[in-house]
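Residues per chain, in single letters:
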Amino acid sequence: MNKKILLFIITLLLSFSLSSCNKKETDISITTTNIPTDSISDKEETTMKKELSDIVDFILDIDSDSEVKILQLTDIQIIDSRQSRYSNRLSQLEYEKWDTDTIDENAFKYMDFAVNASKPDLIVLTGDNVYGEFDDSGTSLEKLIKKMDSYKIPWCAVFGNHDNETTKGIDWTIKQYEDAEYSLFKRGNVEGNSNYSVAILNKGKLNSVLFMMDSNGCTFSQDDDNVVYKTAGYYPKQLEWFERTNQELKEYNNGENVPNTIYSHISVKSFADALYEKHDYLSERHGYSLYSGGKPIGGQFKPIKLDPNSDEDFGYLMVDFGSLLDAEYKLVNLAKKYGTLGFFFGHEHKNNISVVYEGIRYTYGTKTGTYDSNLQYMLGGTLINISNGELVVKHLYYQ
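Computed from a prediction, not measured in an experiment: that's the story for all the values here.

(A) Representation of the nonpolar core in the model. Counting residues in hydrophobic clusters, the biggest one holds 60 residues, and the most contacted among them are I123, L125, L144, W155 and L210. Examining the composition of this core, we find that 7 residues originate from one element, helix α5 (residues 103-118), more than from any other. In contact with W155, other than residues within four places in its own chain, are L122, I123, L125, I145, M148, D149, Y177, A180, Y182, S183 and L184. In terms of nonpolar packing, the next biggest core, distinct from the first, is built from 44 residues, I304, L317, L324 and Y364 among them.

Pasting the structure below:
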């Protein structure tokens, strides 16, 4: 064959091959987030709109037209007295009351009541699920997870300040949650160990998004400080994650905020602000005072008891706030910006007050069970209904 003709054929083949490769690249729909946006045309950028599954960690589609029912269980705080590390840690009465074989009486019967009374679509545990100091064998957590899975209802959990005290370690603890059959749990890749999001759909239509946020502060964790954060708080990367996820949800939802709720263990300062402004909350400890002539003159804490049947503010604040996070309002300001409907906390066993303030509802969940400190008339769970961007909350009292 003539060399010129052969060279011409080879040139044509190479040209065709290169043009085919270029066409293949431009036909791919881009879903990754690490591609420089300045190299993408406006037309191509429209193909980058993320799917919901690219934004949130879990998607739960329920068979309901518009409503989702969420049951908050908090501070179950299982104590196995036989696993006590220190001989004088518990009184004799506590040792007997919280014996290994009392878990049904102290916890599970209250959980059963709340689940049967609410028939929820999703259950959320807001921390101190197990008292880790009394579970170095891990058996209490295993029992709790088995109980949760027995309901055959999807469930989520966030950690409190006692969950990660067990010598089994944080990695083992996380694996138990992640491997549970009905659990929606993820460690997250920001500060803390239970930061993740769950989108709720009603027959395919987006209802709202739940944010699980670790408030940290497990002072007596056996893990390294850079794994379990000993100081309570919402850290910078947590806030960045919350903002980024909400911004992506807004873009997904055609420029409109997606209603969301936040579940964590330790409450924020705005909760106390709400009670100070609306219900005469006073606390020398936290600097909420009476004033005379423009000067603070102090103010001793007094319990606040609101009508339990009110549709607005209701419930009880029987002890002062132990901790108040987000003193600079960084999380709360983001919540206002992105349409957060409510915060739901645990930690304070003798409080279950719920108050609306500046468009957001702040709620202490009703303690579930009789482990550790409690008030007998304030045990059960908290039912959260979300429908058409509206939030309705009701405490369920054990009876």
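(B) Structural context of α5. Taking 1.5 Å per residue as the helical rise, α5 with its 16 residues ought to reach 22 Å, and the 22 Å between its terminal C-alpha atoms agrees with that figure. Roughly 25° is the biggest bend found in α5, and it falls at K109. When we look at burial in α5, the residues that qualify are I103, N106, A107, F108, Y110, M111, F113, A114, V115 and S118. On the buried face of α5, the contacting elements are β2 (67-73), α4 (92-97), β3 (122-126), α6 (139-150), β15 (380-387) and β16 (390-397). Of the residues flanking the end of α5, it is K119, one or two places downstream, whose phi is positive at about 45°.

(C) Highlighting the sheet that holds strand β5 (residues 196-202). The strand order across the open sheet formed by 7 strands is β1-β5-β6-β7-β12-β14-β13, and the pairing between neighbours is mixed. The open sheet is flanked by β1 (58-62) and β13 (354-357), the only strands paired with a single partner. In this sheet, neighbouring strand axes are inclined to one another by 20° on average, regardless of whether the strands run parallel or antiparallel. With 4 bridges connecting them, strand β6 (residues 205-212) and strand β7 (residues 260-263) associate as parallel partners. Its bridge partner lying in β7, V209 is registered against N260. Of the strands in this sheet, β5, β6, β7 and β12 (340-345) touch helix α8 (residues 236-252), which is tilted by about 175° from β6. With respect to the sheet, helix α9 (residues 269-279) is in contact with β12, β13 and β14 (360-364), its orientation differing from that of β13 by roughly 85°.

(D) Examining the pairing of β14 more closely. The element β14 is extensively covered by neighbouring structure, given that 5 of its 5 residues are classed as buried. Side chains I360, Y362 and Y364 project from β14 onto one buried face, and the interleaved R361 and T363 project onto a second face that is buried too. By the bridge criterion, 4 bridges tie β12 to β14 in an arrangement that is parallel. By the bridge assignment for β14, F344 is matched with T363.

(E) Quick look at the packing of aromatic side chains. If you walk through the whole model with that rule in mind, you get 26 aromatic pairs. Considering the side-chain rings of Y281 and F301, the 6.2 Å spacing of their centres and the 70° angle between planes classify their relative orientation as edge-to-face. One end of the pair, Y281, is in the loop between α9 and β8 (290-292); the other, F301, is in the loop between β9 (295-298) and β10 (304-306), and 20 residues separate them in sequence. In this pair, the class of Y281 matches that of F301, namely buried. Their ring planes at 85° and their centres at 6.1 Å tell us that Y316 and Y377 sit as a pair that is edge-to-face. Residue Y316 is located in strand β11 (residues 315-317), and its partner Y377 is located in the loop between β14 and β15; the two are separated by 61 residues in the primary sequence. Given the relative accessible area of 17%, Y316 is considered buried. Y377 sits in the partly exposed class, given a relative accessible area of 46%. In this structure an aromatic cluster arises from ring pairing among F271, Y276, Y281, Y288, F301, F321, F343, F345, Y362 and Y364.

Parameters at a glance
- Residues numbered from 1 in each chain as written.
- Predicted model: local features only at pLDDT ≥ 70, side-chain atom pairs only at ≥ 80, totals over all residues.
- Heavy atoms only, no water.
- Core = buried A, V, L, I, M, F, W, Y, C linked by side-chain atoms within 4.5 Å.
- Buried < 20%, exposed > 50% of the residue type's maximum accessible area, 1.4 Å probe, protein only.
- Helix = DSSP H or I, 4+ residues; strand = E, 2+ residues; numbered from the N terminus.
- Contact = heavy atoms within 4.5 Å.
- Expected span 1.5 Å × (residues − 1).
- Bend = angle between axes of the 7 residues up to and from the residue.
- Pairing = 2+ DSSP bridges.
- Axes fitted to C-alpha atoms, helices over the stretch in contact; angles between N-to-C directions.
- Phe/Tyr/Trp six-rings, centres within 6.5 Å; stacked < 30°, edge-to-face > 60°.

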